[in-house]
Amino acid sequence: MAYRDLRDFLHKLEKKDELKRISTEVDPVLEITEISDRVVKTGGPALLFERPKGSRIPVVTNLLGTERRMNLALEVESLEEIASRVRSFIDVQSPQGLLEKVKMLPKLAELGSFFPKSVRSGECQEVVRTENFSLDEFPILQCWPQDGGRYITWPMVITKNPETGKRNVGCYRMQVFDGRTTGMHWQTQKHGAEHFRSARAKNHEGRLEVAVAIGADPATALAGILPVPPDMDEFLFSGFLRRDPVELVTCKTVDLEVPANAEIVLEGYVELGEMRTEGPFGDHTGFYSLEGQFPVFHLQCITHRKEPLYLTTIVGPPPQEDYFIGHAIERIFLPVMKMQYPEIVDVAMPAEGIFQNLMIVSIRKSYPGQARKIMNAIWSLGQAMFTKVVLVVDHDVNVQDGREVVWKALCAIDPERDIQFVLGPVDTLDHAARHQDFGSKMGIDATRKWPEEGYEGRWPDEIKMDAATRSRVDAIWGQLKLEGTKKK
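Residues numbered from 1 in each chain as written. Predicted model: local features only at pLDDT ≥ 70, side-chain atom pairs only at ≥ 80, totals over all residues. Heavy atoms only, no water.

A. Representation of the sheet that holds strand β2 (residues 46-49) in the model. The strand order across the open sheet formed by four strands is β1-β2-β3-β18, and the pairing between neighbours is mixed. In the strand order of this sheet, the two ends are held by β1 (19-22) and β18 (310-311), each with one partner. Along the sheet face, helix α2 (residues 31-40) touches β1, β2 and β3 (59-61) and points at about 160° away from the line of β2. (Pairing = 2+ DSSP bridges. Helix = DSSP H or I, 4+ residues; strand = E, 2+ residues; numbered from the N terminus. Contact = heavy atoms within 4.5 Å. Axes fitted to C-alpha atoms, helices over the stretch in contact; angles between N-to-C directions.)

B. How the structure looks around helix α11 (residues 402-412). Residues Glu404, Val405, Lys408, Ala409 and Ala412 constitute the buried set of α11. Down the axis, α11 shows its buried residues gathered within 110° of arc, on one side only. α11 presents Arg403, Leu410 and Cys411 as exposed residues on the side facing more than 90 degrees away from its buried surface. The secondary structure elements touched by the buried residues of α11 are β20 (358-363), β21 (389-394) and α12 (415-418). Two or three places before arginine 403, at the opening of α11, aspartate 401 has a side-chain oxygen 3.1 Å from that residue's backbone nitrogen. (Buried < 20%, exposed > 50% of the residue type's maximum accessible area, 1.4 Å probe, protein only. Arc of directions from axis to C-beta. Polar contact = N/O pair within 3.5 Å; in protein donor to acceptor, adjacent residues only side chain to side chain.)

C. Here's a closer look at the pairing of β2. The side-chain alternation of β2 yields two buried faces, one formed by Ala46 and Leu48 and the other by Leu47 and Phe49. Pairing analysis gives four bridges linking β1 to β2, with the strands arranged parallel. Looking at β2, one finds that lysine 20 is bridged to leucine 47. With respect to chirality, the unit in which β1 leads through α2 into the neighbouring parallel β2 is right-handed. (Right-handed = clockwise from strand over helix to strand, strands pointing away.)

D. Expanded view of the side chain of lysine 449. Inspection of the secondary structure puts lysine 449 in the loop between β23 (438-445) and α13 (467-480). Classification of lysine 449 as buried rests on a relative accessible area of 5%. Separated by 3.5 Å, the side chains of lysine 449 and aspartate 418 make a polar contact. Separated by 2.9 Å, the side chain of lysine 449 and the backbone oxygen of aspartate 445 make a polar contact. With near-sequence residues (within four places) excluded, lysine 449 lies in contact with Lys365, Ala412, Arg417, Asp418, Tyr455 and Trp459.

E. Structural context of the pairing of strand β14 (residues 264-278). Pairing of strand β11 (residues 207-214) with β14 involves eight bridges; the strand directions are antiparallel. Opposite arginine 207, over in β14, you have glutamate 271 as the bridge partner. Strand direction decides the pairing type here: β14 and strand β17 (residues 292-304), joined by eleven bridges, are antiparallel. Within β17, the position partnered with isoleucine 264 by the bridge is histidine 304.

F. How the structure looks around the environment of valine 254. The topology assignment puts valine 254 in the loop between β12 (247-250) and β13 (257-259). Spatially, the C-alpha atom of valine 254 lies 35 Å from that of serine 380, the residues being 126 residues apart in sequence. Excluding residues that lie within four positions of it along the chain, valine 254 makes contacts with Glu209, Val210, Ala211, Glu267, Gly268 and Gln300.

G. Inspection of the packing of aromatic side chains at higher detail. Inspection of every chain in the model, using the stated rule, returns nine aromatic pairs. Judged by centre distance (5.7 Å) and plane angle (80°), the rings of phenylalanine 114 and phenylalanine 240 are edge-to-face. Of the two residues, phenylalanine 114 is situated in the loop between α5 (98-112) and β4 (117-119) and phenylalanine 240 in helix α8 (residues 234-242); the sequence distance between them amounts to 126 residues. As far as burial versus exposure is concerned, phenylalanine 114 and phenylalanine 240 are alike and both buried. Residues tyrosine 172 and tryptophan 186 carry aromatic rings whose centres are separated by 6.4 Å and whose planes lie at 85° to one another, so their mutual orientation is edge-to-face. Linking tyrosine 172 in the loop between β8 (167-170) and β9 (174-178) with tryptophan 186 in the loop between β10 (181-183) and α6 (191-202), this pair joins segments that are 14 residues apart in sequence. (Phe/Tyr/Trp six-rings, centres within 6.5 Å; stacked < 30°, edge-to-face > 60°.)

Dropping the structure here:
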């Protein structure tokens, strides 16, 4: 059964020895980050800080900071189970006859059961506060020494498209300016920024309603992070992941719905004519993203559980918790990439590539120039457009093995022939770009080259011992008494 809420998942983690309660008083300014950073880099547990300095509300960090906890969050043994479910839905073809239509009915019924469900009340509104409240009551973290202040780092920011009314759920950092205002880091290419621009075009002096939910069951908390297709409701995909619909409750002061099982909800608006300096912020690149002008969120109501938990995440020098989220995205959405480009065999985004800096793709090559086609395809896929370097290798290269990739890729390229550069949109956080949001990207074709691609020689075979010899040596290995070595 799906986790009811965040605390239900924490209970599961505690039973699995994957949660550590910390009763020592710890400061949300820097200290919680330093502890969490050390723990995530050693594969340690989720952390529940019971006595954050200056607040009565416990802090949860490193919730999904290992692959095992990600599997527990999604209630699977392996992320491949989710990928298989995704594959089974996208493999559905238009039914040709009555029998095929009948076979499709259970799958369509299952998909229909995942749609968000509106309810009249929820735990997130056990306490409603429209006056005498302040964000200062919450243990919001300042993560790194040069941060511009405290930041809410794992919000589900909910807005509606002013033109269509379609909901968007995004995860955008929010710098706390004072007890009732924060920044809203809507990067140029994000849907939240598009809603802001669309609303401002209609009325520059108007407002855009915003709701921010903090803390929920893990599949729901991931709603604003997962790169779902543009026409899909993020909470629908969360329902798909948890195999149970996300229950939504209408806010008290804005015309938006939020997860009923959330821990904390911030209701308010963005003034469309107002911008304020936001930053710096120690970002997932491992460097500080610098100051910039961003919209301002005004808080007019807080609702929360009677004894809420504050869920947050740390970003910074990799690997951090976001790497494990990114790895889940890589595995879950691989079938979608394969559906569009069947020649793709596998994809890897190493932790050091911090998502947008490096994507390694293996393909089953069947015509010249195919690797370059895949580079351009990736640069046209949603958030993958930010990928700074795309490295394409042959199908027999294990892209999950960094040592094999470096060895085989470097042996396969003639740099002048096999590297191409393009200009286009880049991530706002890319501090090396020539202009904010615009710069260059590099594609590397490290596949075996064909004559049509300018290679005139015969591509050599990889050195491998024959199977018969390996088998004979395996049989006598124990007699050799070679200490400190292993059979292959």
